[in-house]
Amino acid sequence: MTTEKIALITGANKGIGFATAGALARAGHTVLLGARDPGRGEAAAAALAGEGLDVRFVPLDVTDPATIAAAAALIDADHGRLDVLVNNAAVTRDRSRPPAELPVADLREVYETNVLGVVAVTNAMLPLLRRSPAGCIGNVSSGLGTFAFLQEPDEGLARYANLLGYNSSKAALNAVTLIYANALRDEGIRVNALSPGFCATDLNGHTGVLTAEEGGAHLARQLERPETGAFLNENGGTYPW
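In short, a report on the structure. (Residues numbered from 1 in each chain as written. Predicted model: local features only at pLDDT ≥ 70, side-chain atom pairs only at ≥ 80, totals over all residues. Heavy atoms only, no water.)

### Examining the sheet that holds strand E7 (residues 231-232)
Move 1: Taken together, seven strands build an open sheet; the order of strands is E3-E2-E1-E4-E5-E6-E7 and the sheet is parallel. Strands with a single pairing partner mark the edges of an open sheet, and in this sheet they are strand E3 (55-59) and E7.
Move 2: The sheet strands contacting helix H3 (residues 65-79) are strand E1 (6-9), strand E2 (30-35) and E3, and the helix crosses E3 at an angle near 145°.
Move 3: Its contacts with the sheet place helix H6 (residues 164-184) against strand E5 (136-140), strand E6 (190-194) and E7, and it is angled at close to 165° to E6. (Pairing = 2+ DSSP bridges. Helix = DSSP H or I, 4+ residues; strand = E, 2+ residues; numbered from the N terminus. Contact = heavy atoms within 4.5 Å. Axes fitted to C-alpha atoms, helices over the stretch in contact; angles between N-to-C directions.)

Structure representation (structure tokens):
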């Protein structure tokens, strides 16, 4: 990315989203910090702004069409375009339960945020991304959602192989990423799946081996890469789908 980009990050009041906001802002970009909880979102944006960074809170619940539309209208009014969209917001409801014990209501809740929320936000922001000279969409995914992993889980991560809600939602997100990458390729809008690595966050009970700050730095670097339609990994390469 060049300097002075306008970037929106969903689910950015804590964890990897917050770390990514800091990394992009320190690189000279204007960061719109999306969060569904106004108090937490305002506090997160204020913490980064207190470092002299250009970070602003945008109320945004990816499961609420009204807040999505309002966020798009606010960005349009204040900036007139969007250069980078990072679909980071995600939830899990598996809690180590076997697939047969995960209620369908919980599975539906995961998909509402991890898949349908991404589609809803992306569609709402596309008119703004089309005004950018080089629009970019990064969908924060996970190696746990690749078919390569699901077929032959790595020994160190095998205990996470049967997370029905999280893993299947990330597999669906990977498909969404490829579909949008193909649809937007001729318009010059890059769309990739991103991997921060196995970071210690609230989502996994802080069992990850990387810090959220390290994960955010990985995502910021991946957003600079020229590919489209790829699953970029934290080691500078790509994951198989």
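Following the structure, the description resumes.
### Here we look at the pairing of E2
Every other side chain in a regular strand lies on the same face of the sheet, so the side chains alternate between the two faces.
Move 1: In terms of burial, E2 is a largely internal element, six of the six residues being buried.
Move 2: Neither face of E2 is left uncovered, since the one carrying Thr30, Leu32 and Gly34 and the one carrying Val31, Leu33 and Ala35 both have all their residues buried.
Move 3: The pairing of E1 with E2 spans four bridges and is parallel. Across the sheet, residue Ile9 finds its bridge partner in E2, namely Leu33.
Move 4: Handedness of the E1-helix H1 (residues 15-26)-E2 crossover: right-handed.
Move 5: Bridge count for E2 against E3 is five bridges, and the pairing is parallel. (Buried < 20%, exposed > 50% of the residue type's maximum accessible area, 1.4 Å probe, protein only. Right-handed = clockwise from strand over helix to strand, strands pointing away.)

### Notes on unusual backbone geometry
Move 1: Of note, the phi angle at Arg95 is positive, near 50°, even though the residue is not glycine.
Move 2: Turning to its location among the elements, Arg95 is positioned in the loop between strand E4 (84-87) and helix H4 (104-129).
Move 3: Residue classification places Arg95 among the exposed positions, given a relative accessible area of 59%.
Move 4: In this model, Ser96 sits at a positive phi of 65°, which is unusual for a non-glycine residue.
Move 5: Position of Ser96 among the secondary structure elements: in the loop between E4 and H4.
Move 6: Among the residues examined, Ser96 registers a relative accessible area of 69% and is labelled exposed.

### Topic: the pattern of salt bridges
Move 1: Applying the stated rule across the entire model yields eight salt bridges.
Move 2: A salt bridge links Arg56 to Asp54; its shortest N-O distance comes to 2.9 Å.
Move 3: Of the residues examined, Arg56 reaches a relative accessible area of 37% and is grouped as partly exposed. (Salt bridge = Lys/Arg side-chain N within 4 Å of Asp/Glu carboxyl O.)

### Here's the deal with the nonpolar core
Move 1: Ile9, Leu24, Val31, Leu33, Val55 and Leu223 are the most contacted members of the largest nonpolar core, which totals 28 residues.
Move 2: Elements with a minimum of two residues in this core: E1, H1, E2, helix H2 (38-49), E3, E4, E5 and helix H7 (212-222).
Move 3: In terms of residues, this core owes the most to one element, H1, which gives five residues.
Move 4: Setting aside residues no more than four positions away along its own chain, Val55 makes contact with Ala25, Val31, Leu33, Ala45, Leu48 and Ala49.
Move 5: Grouped together as the second largest cluster of nonpolar side chains are 26 residues, Ala89, Leu129, Ile137 and Leu184 included. (Core = buried A, V, L, I, M, F, W, Y, C linked by side-chain atoms within 4.5 Å.)

Worth remembering: the numbers are spatial, not functional.
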